[in-house]
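Secondary and tertiary structure notes
This is what each chain is made of:
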Amino acid sequence: MQHFTSVDDLSSFKEPGFIDRLFRRAAHLKDFRKSGWGRTGWNAWPQKTLEGRLLITDFYEPSTRTRLSFEAAMNYCGGRVIGTENAAEFSSAKKGESIADNFRVISGYADIIVGRFRHEGEAKMAAEASLVPVINGGDGKGEHPTQALIDLFIINERFDLMGLRRPLVVTFIGDNYHSRTVHSLAKLLSMYTKHIFYLTPMGMQDDDSRFWEVSQHKKYANTEVEATHFVRSVEKNVMESDVVYITRAQTERHDATTRVLPFVFSPEIADKMPERSLILHPLPRNAELPEEVDKNPRAAYFEQAHNGLFVRMALLEELLKGMT
Ligand code: NCD
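My aim in this report is to walk through the structure given alongside it, one point at a time.

So, about the overall build of the protein. A tally of helices and strands in the protein yields eleven helices and nine strands. Going through the 324 residues of the protein one by one, you find that 57% of them count as buried. Long-range pairs, those at least 24 residues apart, make up 74% of the contacts in the protein with a sequence separation of at least 6. Carbon and sulfur atoms form 52% of the exposed surface of the protein, whose accessible area is close to 14,800 Å².

Residues in contact with the ligand, as listed here, are Arg 65, Thr 66, Arg 116, His 144, Gln 147, Arg 180, Thr 181, Arg 248, Gln 250, Pro 282, Leu 283 and Pro 284. The contact in question runs from a nitrogen atom of the ligand to an N or O atom on the side chain of Gln 147, over 3.2 Å. Residue Leu 283 places a main-chain N or O atom 3.0 Å away from a nitrogen atom belonging to the ligand. Against a free-state accessible area of 320 Å², the protein chains account for coverage of 94% of the ligand.

Turning to the sheet that holds strand 9 (residues 278–280), a few remarks are in order. Spatial ordering of the open sheet is given by 7-6-5-8-9, a layout of five strands whose pairing is parallel. The sheet is open, and its two borders are formed by strand 7 (224–228) and strand 9, each paired with just one other strand. On average, each strand axis in the sheet is inclined to that of its neighbour by 15°, with strand direction left out of account. Pairing of strand 8 (residues 243–246) with strand 9, which is carried by three bridges, proceeds in the parallel orientation. Along strand 9, the bridge assignment pairs Val 243 with Leu 278. Along the sheet, helix 6 (residues 145–159) makes contact with strand 5 (168–173), strand 8 and strand 9, crossing strand 9 at roughly 165°. Helix-sheet contacts for helix 7 (residues 180–189) involve strand 5, strand 6 (193–199) and strand 8, and the interaxial angle to strand 5 is about 170°.

This next bit is on the side chain of Ser 184. Its location among the elements puts Ser 184 in helix 7. By relative accessible area, which is 0% here, Ser 184 ends up buried. Filtering out sequence-adjacent residues up to four positions away, Ser 184 remains in contact with Val 7, Glu 143, His 144, Pro 145 and Ala 148.

On the surface, Glu 268, Asp 271, Glu 291 and Glu 292 cluster together to form a negatively charged patch. Summarising the element assignment, Glu 291 is placed in the loop between strand 9 and helix 11 (301–320).

Here we have four strands laid out as an open sheet, ordered 2-1-3-4, and parallel in their pairing. Edge positions in the sheet fall to strand 2 (80–84) and strand 4 (134–139), since each has one partner strand and no second. Averaged over all neighbouring strand pairs, the angle between strand axes comes to 15°, with direction disregarded. Across five bridges, the pairing between strand 1 (residues 54–59) and strand 2 is parallel. In the strand pairing of strand 2, Ile 56 is matched with Ile 82.

Turning to the nonpolar core, a few remarks are in order. Grouped together as the largest cluster of nonpolar side chains are 58 residues, with contacts concentrated most on Leu 10, Leu 149, Ile 155, Phe 172, Met 313 and Leu 315. Residues Ile 106, Ile 113, Phe 117 and Ala 123 belong to the second largest nonpolar core, which totals 17 residues.

Their axes nearest at 8 Å, the elements helix 2 (residues 65–76) and helix 11 cross at an angle of 55°. By the criterion of interaxial angle, the relationship of helix 2 to helix 11 is oblique. As for the relative orientation of helix 2 and helix 11, their crossing is right-handed in sense. Mapping the contact onto sequence places Arg 65, Thr 66, Ser 69, Phe 70, Ala 72, Ala 73, Met 74 and Tyr 76 in helix 2 and Ala 305, Gly 308, Leu 309, Arg 312, Met 313, Leu 315, Leu 316 and Leu 320 in helix 11.

Conventions adopted
Residues numbered from 1 in each chain as written. Predicted model: local features only at pLDDT ≥ 70, side-chain atom pairs only at ≥ 80, totals over all residues. Heavy atoms only, no water. Helix = DSSP H or I, 4+ residues; strand = E, 2+ residues; numbered from the N terminus. Buried < 20%, exposed > 50% of the residue type's maximum accessible area, 1.4 Å probe, protein only. Contact = heavy atoms within 4.5 Å. Areas by Shrake-Rupley, 256 points an atom, 1.4 Å probe, with all protein chains shown as cover. Near = heavy atom within 4 Å. Polar contact = N/O pair within 3.5 Å; in protein donor to acceptor, adjacent residues only side chain to side chain. Pairing = 2+ DSSP bridges. Axes fitted to C-alpha atoms, helices over the stretch in contact; angles between N-to-C directions. Patch = residues over 30% accessible without salt bridge, like charges linked within 9 Å, V, L, I, M, F, W, Y side chains within 5 Å. Salt bridge = Lys/Arg side-chain N within 4 Å of Asp/Glu carboxyl O. Lys, Arg positive; Asp, Glu negative; His and termini not counted. Charge placed at Lys NZ, Arg CZ, Asp CG, Glu CD. Core = buried A, V, L, I, M, F, W, Y, C linked by side-chain atoms within 4.5 Å. Parallel < 35°, antiparallel > 145°, perpendicular 65-115°, else oblique. Left-handed = near helix turned anticlockwise from the far one by under 90°.

Take a look at the structure:
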């Protein structure tokens, strides 16, 4: 049984070439949808690869893209979904039930579970207690491994990572320490990067954020990491970046007294990026990414979000493959 609670789990997926195969399948599904699912409509789609399978979505934190794209993915593959979008209020968590007990119980009702958790580490706790595969849809400021696959998918579409001639330069701008999407993507990307810049506006850093930024990459060779809390150098960094990955201030994870100095990725800064580069954001966005940037040809965040459906269809197929 294969859980997916961290991008580190990818190394334990049995066959080599897992990401390559996943992305080829997701790209096929993306094309197939463009053709109207083979013009038969999704309901008549003959490839109901997950027919008879049941997914539970068990979400302790708000979500739009992760929950709905997983639910859509399962439905498009012919499977079924039950779940709760507010487990903190509407499940027995309200009566003091632990994550472990919750997953021990509900894993008896389904073939696979996608969970979103309020605290780092809870996805692993859930997986340890579960009788079926658990996918981490985000655990506090920990990880968000499926979002990282979705991010890597669009980067691969643009830069063909398998045939990459030179490693990438990537700039993360925003709440890097508290953003689980950054944590997972930075790890996953380290294989393909030569330089990662972390630009973390004042007020979003934490006591141990510098430690995190450096230690995150220690085990990956060949990637240089530069971290700064001053966004003064932003223009210089974006001018040499293949990918700029922006995140909102994760105010729900800050302590109430934190004063965040806002940073805005303006259309003028976006124009300074190389022509073939990408502007990504896991969404939702706030003031850090104004709507005027949407017109920039490098802006790819809505396509990035839409790709979530295809990557998650392919992932559900992979995790449920061969399981009775
Ligand atoms: C992100 C998350 O939940 O971590 N959203 C997502 O799943 N695409 C980003 C965020 O909340 O800022």
